[in-house]
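# Geometric and topological summary
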Amino acid sequence: MAFSLTWLPTVLLEAGLRVAEQPGWRTRGDGDVGIVKGVICHHTAGARTGIMPSLDVVTHGRPNLTGPLSQLCLGRDGTFFVVAAGRANHAGKGNWQGVTTGNTSFIGIEAENTGFTTGPNADPWPAIQLEAYRRGVAAILSKIRANA
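Before going into details, it helps to say that this report is about the structure given with it. (Residues numbered from 1 in each chain as written. Predicted model: local features only at pLDDT ≥ 70, side-chain atom pairs only at ≥ 80, totals over all residues. Heavy atoms only, no water.)

Let us now look at the pairing of strand β6 (residues 79-82). Along any regular strand the residues' side chains alternate between the sheet's two faces. Here β6 shows a buried face lined by Thr79 and Phe81 and a second buried face lined by Phe80 and Val82. Both strand β1 (residues 18-21) and β6 contribute to a ladder of four bridges, which runs parallel. Residue pairing across strands places Ala20 opposite Phe81, the latter belonging to β6. Hairpin connection of strand β5 (residues 72-74) to β6: four residues between the antiparallel strands, including Gly78 at a positive phi of 90°. (Buried < 20%, exposed > 50% of the residue type's maximum accessible area, 1.4 Å probe, protein only. Helix = DSSP H or I, 4+ residues; strand = E, 2+ residues; numbered from the N terminus. Pairing = 2+ DSSP bridges.)

What follows is the structure, encoded as structure tokens:
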């Protein structure tokens, strides 16, 4: 069964971004999404080197959380990896403007970065990755007619 978010690669490509569709992405998800309200931007807290070393974990999950862990991954080189067209387990409990169904209502993006700004695991964000992040989120928000 194909899920609702099969438009993701087209929107990103039309925004002039690099896209790598992962095998099985069209039918990957923990059910389908509902009406998409926005985008949740994450970082992987993964390895300090490599383009997208967390891709397998985001795609297939980890022992305490089943995959996919987001619909999209964003590599350090600015490539969007399309992981899933269905619901992903990227949002924990929360409330944003009355919306409490984060996994069903938001597209998740996991950008490869340790999250540290100082110390031995510091991981400065590459300009190409930040630019792709901005343009990718803007393209998705335009598609779903939502503002930042």
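Structure's up, so let's keep going.
This part is about the nonpolar core. Core analysis: the biggest nonpolar cluster contains 26 residues, and Leu5, Trp7, Leu72, Phe80, Ile107, Ile109 and Ile140 have the highest contact counts within it. The set of elements that each furnish at least two residues to this core consists of α1 (8-14), β5, β6, β7 (106-111) and α4 (127-144). The element that contributes the greatest number of residues to this core is α4, accounting for seven residues. Among residues more than four places away in sequence, those in contact with Ile107 are Leu5, Trp7, Leu8, Val36, Gly38, Val39, Ile40, Gln71, Leu72, His90 and Ile140. Within the second largest apolar cluster, eight residues are counted, among which are Met52, Leu69, Cys73 and Phe81. (Core = buried A, V, L, I, M, F, W, Y, C linked by side-chain atoms within 4.5 Å. Contact = heavy atoms within 4.5 Å.)

The description of two aromatic rings rests on the distance between their centres and on the angle between their planes. Applying the stated rule across the entire model yields two aromatic pairs. Between the aromatic rings of Trp96 and Phe106, the centroid separation amounts to 5.7 Å while the plane-to-plane angle is 80°, which identifies the pairing as edge-to-face. With Trp96 in the loop between β6 and α3 (102-105) and Phe106 in strand β7, this residue pair connects regions lying ten residues apart in the sequence. A relative accessible area of 41% places Trp96 in the partly exposed class. On the basis of relative accessibility, which here comes to 7%, the residue Phe106 falls in the buried class. Look at Trp125 and Tyr133: their rings are 6.3 Å apart centre to centre, the planes differ by 35°, and that puts the pair in the tilted class. Exposure remark for Trp125: the relative accessible area of 32% places this residue in the partly exposed category. Tyr133 sits in the buried class, given a relative accessible area of 11%. (Phe/Tyr/Trp six-rings, centres within 6.5 Å; stacked < 30°, edge-to-face > 60°.)

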